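An overview of the molecular structure
Residue-level listing of the chains:
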Amino acid sequence: MNKEPEKTIRLTMTEDDARLVAKACEFYARIAYGQFTEIAYNFLDLSLPVDEFCKRRDEMEDLLFRARAILYPDLGRHVGTSYGYGRFKYADKAFDVYQLLRLAYGDNRYPLLTAPYPNVELKVGNEWKKLAFGPRRMRWE
């Protein structure tokens, strides 16, 4: 049976938009991995007085750990436990997008990408550069 070639989609966005998409992909992956406390860390109002912030954070964490124990009973209600990269393909893909966008705006930490590596291009001025991957290194060509 012949498989249809996978479609390629090219998006053009501003750096601010890329940062927002990257943050959304990272958040989605972390929730899928069971890191439910990211909800509290991403949405609690940092301008709250410290005591109020801590009270709300603790209440949220308690509820979030209860919800996570229902969805992922084997993780339980323990801080610091999650599945991490490699458990869910859909979450890994979202995390890959996050890492590639992070690279595009200058964060040079080497990504944990699932093979095969996707094509990544960055437009600087009028010039397109392609990200090339090698063993434990990458460069813009």
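Cut-offs and rules
- Residues numbered from 1 in each chain as written.
- Predicted model: local features only at pLDDT ≥ 70, side-chain atom pairs only at ≥ 80, totals over all residues.
- Heavy atoms only, no water.
- Core = buried A, V, L, I, M, F, W, Y, C linked by side-chain atoms within 4.5 Å.
- Buried < 20%, exposed > 50% of the residue type's maximum accessible area, 1.4 Å probe, protein only.
- Helix = DSSP H or I, 4+ residues; strand = E, 2+ residues; numbered from the N terminus.
- Contact = heavy atoms within 4.5 Å.
- Phe/Tyr/Trp six-rings, centres within 6.5 Å; stacked < 30°, edge-to-face > 60°.
- Expected span 1.5 Å × (residues − 1).
- Lys, Arg positive; Asp, Glu negative; His and termini not counted.
- Salt bridge = Lys/Arg side-chain N within 4 Å of Asp/Glu carboxyl O.

With that settled, the discussion passes to the nonpolar core. Ranked by internal contacts, the top residues of the largest apolar core, which has 22 residues, are Ala29, Tyr33, Tyr72, Phe88 and Ala91. Looking at this core, the elements with two or more residues in it are α1 (15–32), α3 (50–71) and α4 (89–104). No other element matches the 6 residues that α1 contributes to this core. With sequence-adjacent residues up to four places away left out, alanine 29 is seen in contact with Ala91, Ala94 and Phe95.

Scanning the model with the defined rule gives 10 aromatic pairs in all. Ring geometry for phenylalanine 36 against tyrosine 72: centres 6.3 Å apart, planes inclined by 65°, an arrangement best described as edge-to-face. With phenylalanine 36 in the loop between α1 and α2 (37–43) and tyrosine 72 in the loop between α3 and α4, the pair connects residues that are 36 residues apart, well separated along the chain. The two residues phenylalanine 36 and tyrosine 72 agree in class, both being buried. Clustering of aromatic rings is evident, with ring pairs tying together Tyr28, Phe36, Tyr72, Tyr83, Phe88 and Tyr90.

Glancing now at α1. Along an α-helix, a turn takes 3.6 residues, which lines up residues three or four apart on a common side. In this model α1 runs 26 Å from its N-terminal to its C-terminal C-alpha over 18 residues, within 8% of the 26 Å that 1.5 Å per residue would give. When α1 is considered as a whole, its buried residues turn out to be Ala18, Ala22, Cys25, Glu26, Ala29, Ile31 and Ala32. With its phi angle positive at about 100°, glycine 34 sits one or two positions after the end of α1.

In this structure, glutamate 61 sits in helix α3. There is no salt bridge for the buried glutamate 61, and the closest opposite charge comes from arginine 57, which lies 4.3 Å off by N-O distance. With residues near it in sequence (within four places) discarded, glutamate 61 still touches Thr37 and Tyr41.

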